Amino acid sequence: MRALFSFIVVIALVAIVFVGVKGANLEFLFGVIIPYAALATFIIGFIYRVVKWGRSPVPFHIPTTCGQQKTLPWIKDSKIENPSTTAGVIARMALEVLVFRSLFRNLKTDLREGPRLAYGSDKWLWLAGLAFHWSFLIIAFRHLRFFMQDVPVVVQWVEGLDSFLQIGAPLLYITDVIIITAVTYLFLRRVYIPQVRYISLAADYFPLFLILGIAISGVLMRYFIKVHVVGVKELAMGLVSFNPTIPEGIGVIFYIHLFLICVLFAYFPFSKLMHMGGVFLSPTRNLANNSRMVRHVNPWNYPVKVHTYEEYEEEFREKMKMAGLPVEKE
Amino acid sequence: MAKGTPKPDELSRIDYTPPQKEWMDTPVKLKPGMYCWGAKAKNLQAVGFPNARDWTPADEDWKLPENWEWTVLEGIYDRLKKYRSFQLFLDICVRCGACADKCHFYIGSGDPKNMPVLRAELLRSVYRRHFTFGGKLLGRIAGARKLTLDVLKEWWYYFFQCTECRRCSVFCPYGIDQAEITMMGRELLNLLGLNIDWIQGPVANCYKKGNHLGLEPHTIMSNIEFMLDDIESITGIRIEPSFNRKGAEILFVTPSGDLFADPGTYTCMGYLMLFHELGLDYTWSTYASEGGNFGFFTTNEMAKRLNAKIYAEAKRLGVKWILGGECGHMWRVVHQYMDTWNGPADFLEEPVSPITGTKFENAKTTKMVHIAEFTADLIRHGKLNLDPSRNDHLKVTFHDSCNTSRGMGIFEEPRYIIKNVCNNFYEMPENTIREKTFCCGSGSGLNAGENMELRMRGGLPRANAVKYVHEKYGVNMLANICAIDRAALSTLMDYWVPGVGVTGVHELVANALVMKGEKKRTTNLRGEPLPGVEEEEEEGKEEKEEQGG
């Protein structure tokens, strides 16, 4: 139901741009105005969200420690899983962000006869997640060729690597295959694993369909329904140089691709996709476990009412004296 | 075992299939055995908590104040501004489900609302409806729902089915920590006087009397006297500890559970014997007589109010530093919160072991040292005369407590100690220890009697791993460094793995400790004959007969 809703929304988005371009000739709207608006929404929205998080302080020092603490000199501490230094934290965060360290720990719990609980390694989610995010990044990077007059050598290298299988013409990009496979897997696990289906919201399916739509339209455009590539580059260059033009005859499939990307950008700051920024701010990961070595200050720490020793002794003085305990006031 | 608790084979038939109906359409049903009694008026009043009245969770009417919805929403707003963790963890979850089967309560119950992700969604859904644009606009399709009485009851039921163990946060790709959500959820519930009495009672006790059990000064002393008598009859040595003594070098603080019931009391005897043997210049305090902090399971402010006594007493007595006993959540609080709340402890000195001269650099600002760190250092420097064969009748495994594992990382110290005082040590399977350790099922104030089914369910993964080493290696003793564990695991073992005992690490130390001037020991601290002693006696008899003949 929630998956269907998200699917229909994405189909509707495609229909809107199709009708808009084919029927109403709104190329300028979809090729210029919406991209600018979407990018502005993304940048402002992203910054707004991060600043909002940043304005909430981190009152307590709460890293989740996943290894031996630093204590006595002869006990080997776990410098990355339980970092006590900034360098350790950077390494921990790098592993988290670049290779999804925590997700790599994933286990599958099985209850067998007995009862006997067994924990098997389960790396599929990690693998699919990693494949999806990295291929997305590489694909985005490849697209730089549309936004620069001379294509940088690095971009050419990446393109070369990405197509090293040398299949077809134009050459097949491996990342195109990977991203579609990975996103499809991520969708299927949401539907087929009963627990995951139970917790999934429309907001979980929507980005998957949207990204799948972007990837499919891109693939169609590159391999099947050819568009006027020179025109596309002209449009892209016009956008980055703030001198937008709409070249003739690019093809509606391009506008579909572009519009879905714009929707993704505009939707990003309002959605769970903000985990991209959020992961860096997570206080269980980005703090060193040094809270007994370096005092952590809570900016809103305030005095509280306590039961003082004087009040305590007042109440128990006789009993304390009887028991031979020293007292402050006789 | 509480009446009505299902038998193990019945309880281990767990159905993980989620219901057909969506979770928002499945209102909470309070199932007896799965929740605790409501906080009593007098215990709420004792610390000035709002809406103090006697109430019963099973009743329709929870006697909530007027405008309670507003109080809760305002409470959420307030905490979003104060805690980045709260704001962030409500915003960035992608519901990948990696946390789902990592929770001991989910594994033991199959209730989908015990998946950490869904337990968080219970609150997140309300946050969306009242605090986000998308949620206000789209409502249900955006996963948003209004705060209603049913929702509130659901929160209460499930935020008291989370032991804040943080296992989920180890597996979460963003480090989202359900403990943070539960803590905020409980804070919100506390605004309406909705705690459980098993927590609120100890909080009230601790505030007025200095410890959860409500032991008055003379009772603390007499409880320790009993232990000293036992120690004397076992070792022939009379120990004379001091209480509230000014000018001692070290203040010793441990959870009051160690003073009260076995097997915790044996651990306490272990501390007493160790300190005596070292000639340590230390004192107990009857005012700061609680290391644990049940306030931590109500509100941050209450936790701070209780914790304040430790530094205050250290200052009053003029000690140099503080030594802390074996306890789980106590050490989460000491390690991650105490200095922030009640520091800086500039009236104390950087801790140095008077026996070995080791500087505890890792505790240089908080100035409180974990006893496992302290003892491991002693053993490393050869300061203790140990006879591990006295523990030869034991096959020991070690349970890493949640808080000291995932909120501190003290893994090697206790293991090093155990391996030096016992000859037979076996690890449980790797996915159930260290940072991946399973909760006893009774942490964060849930070790009551009326919620026994919940405790046995939540403790299943831990017990199951013990059962594995029990069957494979004949493990018969479960060691730990947590007072709640000592109480809770005993019940859990009796239920799931009969034949396995529970011990604190310092009980094992004291049994192996050869003290200066002690008489020949024939029993351990529990009064059970030491291994080899019975045979020796037999042999001795024969010799005498021969001589006589």
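Residues numbered from 1 in each chain as written. Chains lettered and ligands numbered in written order. Predicted model: local features only at pLDDT ≥ 70, side-chain atom pairs only at ≥ 80, totals over all residues. Heavy atoms only, no water.

## Re the overall build of chain A
Part 1: In terms of helices and strands, chain A carries 13 helices and 2 strands.
Part 2: Expected size for 330 residues packed as a compact globule is a radius of gyration near 20 Å; at 28 Å, chain A overshoots this value by more than 25%.
Part 3: Evaluated residue by residue, chain A yields a buried proportion of 49% over its 330 residues.
Part 4: Put simply, 64% of the contacts in chain A that link residues at least 6 apart link residues at least 24 apart. (Helix = DSSP H or I, 4+ residues; strand = E, 2+ residues; numbered from the N terminus. Rg over C-alpha atoms; globule rule 2.2 N^0.38 Å. Buried < 20%, exposed > 50% of the residue type's maximum accessible area, 1.4 Å probe, protein only. Contact = heavy atoms within 4.5 Å.)

## As for the pattern of salt bridges
Part 1: Taken as a whole and assessed by the stated rule, the structure comprises 52 salt bridges over all chains.
Part 2: Note that Arg112(A) and Asp110(A) form a salt bridge whose closest N and O atoms lie 4.0 Å from each other.
Part 3: Taking relative accessible area as the criterion, Asp110(A) reaches 32% and is therefore assigned partly exposed.
Part 4: Across the salt bridge formed by Arg486(B) and Glu326(B), the nearest N and O atoms sit 2.8 Å from each other. Residue Arg486(B) is located in helix α21 (residues 483–496), and its partner Glu326(B) is located in the loop between β3 (321–324) and α15 (329–342); the two are separated by 160 residues in the primary sequence. Both residues of the pair, Arg486(B) and Glu326(B), count as buried. (Salt bridge = Lys/Arg side-chain N within 4 Å of Asp/Glu carboxyl O.)

## What about the packing of aromatic side chains?
The geometry of two aromatic rings is summed up by the distance between their centres and the angle between their planes.
Part 1: For the structure shown, the criterion picks out 53 aromatic pairs over all chains.
Part 2: Aromatic pair Tyr271(B) and Phe275(B): ring centres 6.5 Å apart, planes at 15 degrees, arrangement stacked. Of this pair, Tyr271(B) and Phe275(B) both sit in helix α13 (residues 264–278), 4 residues apart, which is roughly one turn of that helix.
Part 3: Assessed through its relative accessible area of 0%, Tyr271(B) is described here as buried.
Part 4: Given a relative accessible area of 1%, Phe275(B) falls into the buried group.
Part 5: Taken together, the ring pairs in this structure connect Phe60(A), Trp300(A), Tyr302(A), Tyr83(B), Phe294(B), Phe296(B), Phe297(B), Tyr337(B) and Trp341(B) into an aromatic cluster.
Part 6: A cation over a ring is seen here: Lys123(A) above Phe104(A), with NZ or CZ 4.3 Å from the ring centre.
Part 7: One residue, Arg316(B), lies across the ring of Tyr309(A), its end atom 3.4 Å from the ring centre. (Phe/Tyr/Trp six-rings, centres within 6.5 Å; stacked < 30°, edge-to-face > 60°. Lys NZ or Arg CZ within 6 Å of the ring centre and 35° of its normal.)

## Some words on the side chain of Asn524(B)
Residues and elements named next belong to chain B.
Part 1: With respect to the element layout, Asn524 can be found in the loop between α22 (505–512) and α23 (533–548).
Part 2: A distance of 2.9 Å separates the side chain of Asn524 from the backbone nitrogen of Arg526, its partner in a polar contact.
Part 3: Setting aside its immediate chain neighbours within four residues, Asn524 contacts Ile234, His393, Asn511 and Leu530. (Polar contact = N/O pair within 3.5 Å; in protein donor to acceptor, adjacent residues only side chain to side chain.)

## Brief notes about the packing of helix α3 (residues 68–82) of chain B against helix α6 (residues 116–131) of chain B
Residues and elements named next belong to chain B.
Part 1: For the pair α3 and α6, interaxial distance at closest approach is 11 Å and the crossing angle is 95 degrees. It follows that α3 is roughly perpendicular to α6 by the angle criterion. Contacts between α3 and α6 involve Leu73, Ile76, Tyr77 and Leu80 on the former and, on the latter, Leu123, Val126, Tyr127, His130 and Phe131.
Part 2: Grouping the amino acids of the contact of α3 with α6 by side-chain chemistry returns 8 nonpolar, 1 polar and no charged. (Axes fitted to C-alpha atoms, helices over the stretch in contact; angles between N-to-C directions. Parallel < 35°, antiparallel > 145°, perpendicular 65-115°, else oblique. Nonpolar A, V, L, I, M, F, W, Y, C, P; charged D, E, K, R; others polar.)

## Details of the interface of chain B and chain A
Part 1: Taken together, the contact pairs 117 residues of chain B with 89 residues of chain A.
Part 2: Summing the contributions of chain B and of chain A, the shared interface buries around 9000 Å²; its carbon and sulfur component is 58%.
Part 3: By the criterion of area lost to chain A, the three top residues of chain B are Arg84(B), Arg95(B) and Thr340(B), representing 9% of everything that side buries.
Part 4: Here chain B is connected to chain A by 8 salt bridges.
Part 5: Between Arg316(B) and Glu328(A) there is a salt bridge, with the nearest N and O atoms lying 2.6 Å from each other.
Part 6: At the boundary of chain B and chain A, one finds 72 residue pairs in polar contact (both at pLDDT 80 or more).
Part 7: Per element, the largest residue contribution to the side of chain B that touches chain A is 9 residues, and it comes from α15(B).
Part 8: Residue composition of the side of chain B that touches chain A, by class: 52 nonpolar, 27 polar and 38 charged. (Buried area = accessible area lost by both parts, 1.4 Å probe.)

## Things to note about the sheet that holds strand β6 (residues 477–480) of chain B
Residues and elements named next belong to chain B.
Part 1: The strand order across the open sheet built from 3 strands is β5-β6-β7, with neighbouring strands paired in parallel fashion. Strands with a single pairing partner mark the edges of an open sheet, and in this sheet they are β5 (396–398) and β7 (501–504). The average undirected angle you get between the axes of adjacent strands in this sheet is 30 degrees.
Part 2: Alignment of β6 against β7, held across 4 bridges, turns out to be parallel. Note that in β7 the partner of Leu478 across the bridge is Val502. (Pairing = 2+ DSSP bridges.)

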